[in-house]
Amino acid sequence: MSAKGSPVSTQVNATYRFGRFQMDPAQRRLLVDGRAVALGQRAFDLLLTLVERRDRLVPKRELFDVVWPGLVVEENNLQVQVSALRKLIGNQAIETVPGRGYRFRAALEGAATAPAPAATRPAPSDLFGRVEDLAALCALLETHRLVTVVGAGGIGKSRLALAAAHTLSGRSPEVRIVEFAGLSEPTLVGKAIAQALDVKASDASLGTALAARRALVILDNCEHLLNAIAPLVEVILQAAPDVTLLATSQEPLRLPQEQRYRLMPLAVPTGSESDARAFGAVALFAARVRASDPRFALGDENLALAIDICRQLDGLPLAIELAAARAATLGLRAVRDKLDARFKLLTGGSRATLRRHQTLRAALEWSHHLLGADERTVFRRLGAFAGGFTVELAQAVAADAALDEWQVLDTLSSLVDKSLVSMDPGDPPRYRLLESARAFALEQLAQGDADATLRRHANAMRDFLVRIDDANMDGHLRTDQYAARVLPELDNLRAAFTWADGDGGDAHTAVALAAHAGSLIDHSIECIDWLLAVDRHVDDALPPPLAARYFRALAASNMTRRVTNARQVEAGTRAAAYYRAHDHPRRLFSTLMRLCLYQREAGDGTAADATQEEARALLRPDWPVEYHAMMLRRDANEACIAGRYAEAVPLSREAVRLCASAGDWRLEVMCRIQLADMLWAMGTLQKALTEARALAQSLRERPVPPADMDMHFTNLLGMESEFGNVAEAAAAAHEALPLILRTGSRYYEEWVHFFWRRGQHDVAARLCGQCDARRKEYMVQVNERRLLEQARAGLAAAMDAPTLAARLSAGAALSDAEAIAAVAQALGEPPATPRAG
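Rules used in this analysis
- Numbers given for residues are sequential positions, taken from 1 along each chain in its written order.
- The model is predicted, so local features are restricted to residues of pLDDT at least 70 and side-chain atom pairs to those at 80 or more, both for listing and for counting; the totals for chains, interfaces and linings are taken over all residues.
- Remark: hydrogens and water are excluded; side-chain values derive from all non-hydrogen atoms of the structure.
- Here a strand is any run of E in DSSP of at least two residues, a helix any run of H or I of at least four, and the numbering for each starts at the N terminus.
- Exposure categories follow from relative accessible area, calculated using a 1.4 Å probe and restricted to protein chains: below 20% of the type maximum is buried, above 50% is exposed, and the middle band is partly exposed.
- Whether two residues touch is decided by their heavy atoms; if any such pair falls within 4.5 Å, the residues are in contact.
- Every accessible area reported is derived by Shrake-Rupley at a probe size of 1.4 Å, with residue values counting cover from the shown protein chains alone.
- Strand pairing is assigned whenever DSSP detects at least two bridges linking the two strands.
- Axis definition: a line fitted to C-alpha atoms, over the contacting stretch in the case of helices. Angles run 0 to 180 degrees between N-to-C directions.
- Two N or O atoms count as a polar contact when they lie within 3.5 Å, although within protein this holds only if one can serve as hydrogen donor and the other as acceptor, and sequence-adjacent residues are included solely when both atoms are side-chain atoms.
- Note that the term roughly parallel is reserved for angles under 35 degrees, roughly antiparallel for angles over 145, roughly perpendicular for angles of 65 to 115, and oblique for everything else.
- Handedness of a crossing follows from how the near helix is turned relative to the far one, being left-handed for an anticlockwise turn of less than a right angle and right-handed for a clockwise one.
- Nonpolar residues are Ala, Val, Leu, Ile, Met, Phe, Trp, Tyr, Cys and Pro. Charged residues are Asp, Glu, Lys and Arg, and all others, Gly as well, are polar.
- A 1.4 Å probe that fits but cannot get out identifies a cavity on a 1 Å grid over protein atoms alone, an open set with protein on both sides within 12 Å along at least five of seven lines counts as a pocket, and a residue lines either if it has an atom within 4 Å of a point.
- Grid points are joined across faces, edges and corners, and a volume is the space filled by probe spheres set on the points.
- In these notes, a set of buried Ala, Val, Leu, Ile, Met, Phe, Trp, Tyr and Cys residues joined through side-chain atoms within 4.5 Å is what counts as a nonpolar core.
- Salt bridges are identified by distance alone: a Lys or Arg side-chain nitrogen within 4 Å of an Asp or Glu carboxyl oxygen.
- Centres within 6.5 Å are what make two rings of Phe, Tyr or Trp a pair, Trp counting through its six-membered ring; a difference in plane orientation under 30 degrees is then read as stacked, over 60 as edge-to-face, and the rest as tilted.
- For a Lys NZ or an Arg CZ to count as sitting over a ring, it must be within 6 Å of the ring centre and within 35 degrees of the ring normal.
- For a helix, the expected span equals 1.5 Å multiplied by the number of residues minus one.

Draft legend 1. The arrangement of the overall build of the protein in detail. Each helix and strand counted, the protein has 38 helices and 14 strands in total. When the 837 residues of the protein are sorted by exposure, 55% land in the buried category. In the protein, once contacts between residues fewer than 6 apart in sequence are set aside, the share between residues at least 24 apart is 69%. Of the roughly 34900 Å² of accessible surface on the protein, a fraction of 52% belongs to carbon and sulfur atoms.

See the structure below:
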């Protein structure tokens, strides 16, 4: 049973007398005829809770939360305590309402003090991460008479409603709870409300019977009885002006007077925030594990695992509580590793909880059962999306001959209302299924039209990418606009490519996805892997425009050695020939700018010069800034390599100015990264640091995609380290690490230098060995080459030859995952004696 209430509240001077009994909460004593009797802690708390809340029926869930806060216990514990109390104070003192809860029925005597007002009662102690939600809900209840807390199953609606009732109880003479979870017959709704409010009334007379009452009434778990509840709510609102109604439901009541409060999942840290333990999801997880295992402590060594578990569970409280119960016995790592089988793992909720909340599957099956046929169809098809989707993509994937796009749109809106699809704010808004809901939808999809849906998904992502890529290549989108449109769909593109390139997929769709993802290489190097994977499908049967786009993308893979120089020259030449023959000047320009780079790298300066001049001749004044900046950056780079620094720096600064004037922030950032890197390569380290630090501050205020940010903060790390600023380098390292963990960037030259400079020779040597082993996979730039040479010389001076050789050899065998783990671990360790100079 998970806590949803508050500790037993008492008033210091309160005493309660009934019959032969006197209850003294301050001394925690029960007297019979003036003599104290033995009463256990749980029994005393249970009796006190029932006495204090004697004006209403107390649901079993609330009793568990108050008497056993934070603990997972079986329902028979409550039955045992109630039975013991009845033997002591009499069977009639405590009434049982089957399936709902208990109520104290003995009459209090004399000047017994009423329950303490809400202002003197402690706030709910276990409402993790819901302080702002509670304040917002209470504010709504102060000004509106009908408020519905809407949210997914297991998100904590009932807990929040009870907390709000607790907070506001001092302002309302009575608080009543109507629990609909166990009620399946719509005709009994009115009777349930009347019984909870102690009135004898039919549905027609319910409003009249409540006309003089002042009360806050919680209508809990309404979603399966909306058509029966809504009319009665209207009757009460019209006839009983001092009754306030607080409903909880997966779907709103849709009444004109209704104020909806949509409850979102608990907050989960996005990275390695210093206050990660204070996030609601992590705090709840830690508390629930500790309730099952008091020895558990959330420390630095297991914090990342807890965050990962909470993130994979989308901050859903029910799933987190079930995972915590497993973690107490299996350990955090085992739970994290088994989350792919979450419906088998996340079971075993307390029998005191709602039956549908005892397993994650049961909660989702309950929600799914409430859907109509079209809603179930669209819901399972939406499971094909990974990481969210737009309305247009949903229509493309979920619609078919029997369900048109407009029906999909209406059904999507209904699924949002029913809390199975989340809507994230934005323009345009994005929609998503929480990961647990998506896993359930995929199960349903596997039993139905999975092949057709996954094909539509791959085709939809292909068509989307073609449109965006064409607009980008033809200059109709700025680079930052392209990134803003495409990066949110990266997970969908991965899923689509995996299907298209697999058994039963579609080869041409796979090639199209890989080819038109070419511009994404700057953001995700895995796109190169896609290009190499589909190379086997590139033959004469491939449509020529698609073949040209494939070769152009292959020619764009300049940051890796996985594509040989000869292959890049060949790919660029073939793409340029097609675009030249079919009069695509902008696409030809961008292809030629890549081609000349590889020709120069191959030592064919004459061909490179000719190719670059052909590109320059194509450039037109009215072309977008991106093309002009590309030429300026190339000219600046050529001048720098040739040692013409007085020419190189102004060219680079002009590229920055041009991008800034066009408002293309991402392109401006790329030009500023190049400028700082160029100043560094020229040996003007102080000027490079000034530029790099200024850009770093700007990026903190105006972030760009992580793939660009990780490059800059890694460069800044190298500059600070080379300058001897170990503390400043460490600060840059802490900013760079979360970024490279997200992007998969694995270039360690700056890290080698930093750890050597910080005196951490062992990890520096191993990372140096890893760099040596991967030398053929990517181009090592001049600054990185210099850093590696400095660090290697320093390591040779600091370590004996056999030890250094052993560390280099061990590093050469490191996988990417092992290398980044070594970086993360070393960064968290205190530095050894730093080396200066």
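Draft legend 2. Molecular detail of the sheet that holds strand 3 (residues 29-32). Pairing is antiparallel in the open sheet, where four strands are placed in the order 1-2-3-4. For this open sheet the edge positions go to strand 1 (16-18) and strand 4 (35-36), each flanked by a neighbour on one side alone. Two strands pair when backbone bridges link them, and strand 1 and strand 2 (residues 21-24) are joined in this way by three bridges, in the antiparallel orientation. Bridge pairing in strand 2 places Arg17 opposite Gln22. Across the sheet, helix 1 (residues 41-52) is in contact with strand 1, strand 2 and strand 3; its angle to strand 2 comes to roughly 100°.

Draft legend 3. Structural view of the environment of Glu251. For Glu251, the location among the structural elements is in the loop between strand 11 (243-249) and strand 12 (259-262). By relative accessible area, Glu251 is classed as buried at 11%. With 169 residues separating them along the chain, Glu251 and Leu420 place their C-alpha atoms 9.6 Å apart. Ignoring any residue separated from it by four or fewer positions in sequence, one finds Glu251 in contact with Val150, Glu223, Leu226, Asp417 and Lys418. At a separation of 2.6 Å, a polar atom in the side chain of Glu251 contacts the side chain of Arg254.

Draft legend 4. Examining the sheet that holds strand 11 more closely. On the basis of which strands lie adjacent, the open sheet formed by five strands has the order 9-10-11-8-12 and parallel pairing. What marks the edges here is a single partner per strand, and that holds for strand 9 (175-179) and strand 12. If you compare each strand with its neighbour and ignore which way they point, the axes differ by 20° on average. Bridge analysis of strand 10 (residues 215-220) against strand 11 gives five bridges, and the strand direction is parallel. By the bridge assignment for strand 11, Val217 is matched with Leu245. With respect to the sheet, helix 4 (residues 131-143) is in contact with strand 8 (146-150), strand 10, strand 11 and strand 12, its orientation differing from that of strand 12 by roughly 175°. Here helix 5 (residues 157-168) sits on the sheet in contact with strand 8, strand 9, strand 10, strand 11 and strand 12, set at roughly 160° to strand 11.

Draft legend 5. Region of interest: the packing of helix 21 (residues 490-500) against helix 23 (residues 526-533). Relative to each other, helix 21 and helix 23 sit at 20°, their axes nearing to 12 Å. Accordingly, the angle class assigned to the pair helix 21 and helix 23 is roughly parallel. The two elements helix 21 and helix 23 meet at a crossing, and its hand is left-handed. Every residue of helix 23 that contacts helix 21 at Leu493, Arg494 and Phe497 is listed here: Glu526, Trp530 and Ala533. Its residues assigned to classes, the contact of helix 21 with helix 23 comprises four nonpolar, no polar and two charged.

Draft legend 6. Focus on the environment of Glu109. Within the secondary structure, Glu109 is located in the loop between strand 7 (101-104) and helix 4. Between the C-alpha atoms of Glu109 and Arg17, which are 92 residues apart in sequence, the distance is 5.4 Å. Sequence-distant contacts of Glu109, that is, excluding residues within four places in its chain, are made with Arg17, Phe18 and Gly19.

Draft legend 7. Layout of empty space enclosed by the protein. Scanning all chains against the criterion turns up two cavities of 30 Å³ or more. Size it by volume and the largest cavity reaches roughly 80 Å³. Along the wall of the largest cavity there are eleven residues; nearest its centre are Phe128, Arg130, Arg159, Leu266 and Pro317. Around the second largest cavity, the lining residues are Glu223, Gln250, Glu251, Ser367, Leu370, Leu371, Lys418 and Leu420. For the lining of the second largest cavity, the class distribution of residues is three nonpolar, two polar and three charged.

Draft legend 8. Main features of the side chain of Arg549. Turning to its location among the elements, Arg549 is positioned in helix 24 (residues 544-555). At 2.6 Å, the side chain of Arg549 and the side chain of Asp469 are in polar contact. When residues no more than four places from it in sequence are discounted, the contact partners of Arg549 are Asp469, Met473, Ala515, His516, Gly518, Ser519 and Tyr579.

Draft legend 9. Fine view of the nonpolar core. Ranked by internal contacts, the top residues of the largest apolar core, which has 137 residues, are Leu246, Phe285, Leu382 and Phe389. Dropping the residues within four chain positions of it, Leu382 is found in contact with Phe389, Ala394, Leu412, Leu415, Val421 and Leu433. In this structure, Leu651, Val669, Met678 and Phe755 belong to the second largest nonpolar core, which totals 70 residues.

Draft legend 10. Layout of the pattern of salt bridges. In this structure the tally under the stated criterion is 49 salt bridges. The closest approach of N and O atoms between Asp463 and Arg462, which form a salt bridge, is 3.0 Å. Residue Arg574 pairs with Glu570 through a salt bridge whose shortest N-O separation is 3.7 Å. Within this pair, Arg574 and its partner Glu570 are both found in helix 25 (residues 565-581), separated by four residues, close to a single helical turn. Within this structure, Arg103, Glu174, Arg176, Asp198 and Arg213 form a network of salt bridges that share partners.

Draft legend 11. Geometry of unusual backbone geometry. Residue Asp33 is not a glycine yet carries a positive backbone phi of 55°. A relative accessible area of 52% places Asp33 in the exposed class. Located in the positive-phi region is Asp198, a residue other than glycine, with phi close to 60°. In this fold, Asp198 is placed in the loop between helix 6 (189-196) and helix 7 (206-209).

Draft legend 12. The arrangement of the pairing of strand 3 in detail. Examined bridge by bridge, strand 2 and strand 3 share four bridges and lie antiparallel to one another. Counted as the bridge partner of Phe21 is Val32 from strand 3. Between strand 2 and strand 3, which follow one another and run antiparallel, lie four residues, and Arg28 among them has a positive phi close to 50°.

Draft legend 13. Spotlight on the packing of aromatic side chains. All told, the structure shown has twelve aromatic pairs when counted by the stated rule. Three or more aromatic residues joined by ring pairs make a cluster, and in this case those are Phe18, Phe21 and Phe104. Just above the ring of Trp665 sits the side chain of Arg702; from NZ or CZ to the centre is 4.1 Å.

Draft legend 14. Seen up close, helix 31 (residues 685-701). Here helix 31 contains 17 residues, and its C-alpha end-to-end distance of 24 Å stays within 8% of the 24 Å for a straight helix at 1.5 Å per residue. Residues of helix 31 that are buried sit in contact with helix 29 (645-662), helix 30 (665-681) and helix 32 (706-723).

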